[in-house]
Amino acid sequence: MQSSYFSYGLLAALAIALLAAAFTDLRSRHISNKLNAAIALCAPLFWWASGLSLGDMAWQLGVAALSFVVFAGFFALRWMGGGDVKLLTALALWVKPLVFLNLLLAMAVIGGVLTLAFGAWHIARRQRDRLAIPYGVAIASAALLVLAQTYLPALRQGALAG
């Protein structure tokens, strides 16, 4: 029971970190390397608290490595920012591979809406500079949504049983 409290505490810390990433990206179009590193470095604690097997840990690392390679390619093409790449890679360490796919789908939908909203705002203000989308907002929103869908039902069941 203590490890479940610890894992929920880690998830709460992740949620706070995601909110901080979204806020700073919205404000300055920058996600701190320290914040991304903290998210990534706390993932093994979550694995331990969740009782992940060595095989599952290997899958987490593999998905994170693949994510980094794919999204670093997007960064090279200037489709994503570096902080976004690091945030997604760190999140791949936290959630199971199929849940990560759900996160990516939610991120794409939320990011599309965000892009349309910022594009309309950009045009309405008649700005001529390059449009900068704070995609960390879409990443954090999708991650919070997926984490809530994945872990809150378990939290409610635990509260009802206890």
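A.B. asks: In this structure, what is going on with the packing of helix H2 (residues 33-50) against helix H4 (residues 82-94)? I would like to understand it.
C.D. replies: Each packed pair of helices is defined by two parameters, the angle between the axes and the distance between the axes. Between H2 and H4, the shortest axis-to-axis distance is 8 Å and the interhelical angle comes to 10°. Between H2 and H4, the angle falls in the class roughly parallel. Side by side, H2 and H4 meet where Asn33, Asn36, Ile39, Ala40, Cys42, Ala43, Phe46 and Trp47 of the first sit next to Gly83, Lys86, Leu87, Ala90, Leu93 and Trp94 of the second. Looking at the contact of H2 with H4 residue by residue, the class counts come to 10 nonpolar, three polar and one charged.

A.B. asks: Looking at this structure, I do not really get H2. What am I missing?
C.D. replies: Think of an α-helix as 3.6 residues a turn; residues three or four steps apart then line up on the same face. An ideal rise of 1.5 Å per residue puts 26 Å on 18 residues; H2 measures up with 26 Å between its terminal C-alpha atoms. For H2, the complete set of buried residues consists of Leu35, Asn36, Ile39, Ala43, Phe46, Trp47 and Ala49. Two to three positions downstream of the cap, the backbone nitrogen of Lys34 sits 3.0 Å from a side-chain oxygen, assigning the N-cap of H2 to Ser32. Phi for Gly51, located one or two positions after H2, is positive at around 75°.

A.B. asks: What exactly am I supposed to notice about the layout of surface pockets here?
C.D. replies: Where empty space is left becomes clear once a probe the size of a water molecule has been rolled over the atoms. If you add up the space inside the largest pocket, you get close to 460 Å³. Lining the largest pocket we find 19 residues, and of these Met80, Gly81, Gly82, Asp84 and Ile133 sit closest to its centre. With four residues, the single largest contributor to the lining of the largest pocket is H4. When grouped by side-chain class, the residues that make up the lining of the largest pocket number eight nonpolar, five polar and six charged.

Calculation notes
Residues numbered from 1 in each chain as written. Predicted model: local features only at pLDDT ≥ 70, side-chain atom pairs only at ≥ 80, totals over all residues. Heavy atoms only, no water. Axes fitted to C-alpha atoms, helices over the stretch in contact; angles between N-to-C directions. Helix = DSSP H or I, 4+ residues; strand = E, 2+ residues; numbered from the N terminus. Parallel < 35°, antiparallel > 145°, perpendicular 65-115°, else oblique. Contact = heavy atoms within 4.5 Å. Nonpolar A, V, L, I, M, F, W, Y, C, P; charged D, E, K, R; others polar. Expected span 1.5 Å × (residues − 1). Buried < 20%, exposed > 50% of the residue type's maximum accessible area, 1.4 Å probe, protein only. Polar contact = N/O pair within 3.5 Å; in protein donor to acceptor, adjacent residues only side chain to side chain. 1 Å grid on protein atoms, 1.4 Å probe; cavity = no way out; pocket = protein on both sides within 12 Å on 5 of 7 lines; lining within 4 Å. Points joined across faces, edges and corners; volume = space filled by probe spheres on them.

Everything listed here is a matter of geometry and, on its own, says nothing about what the molecule does.
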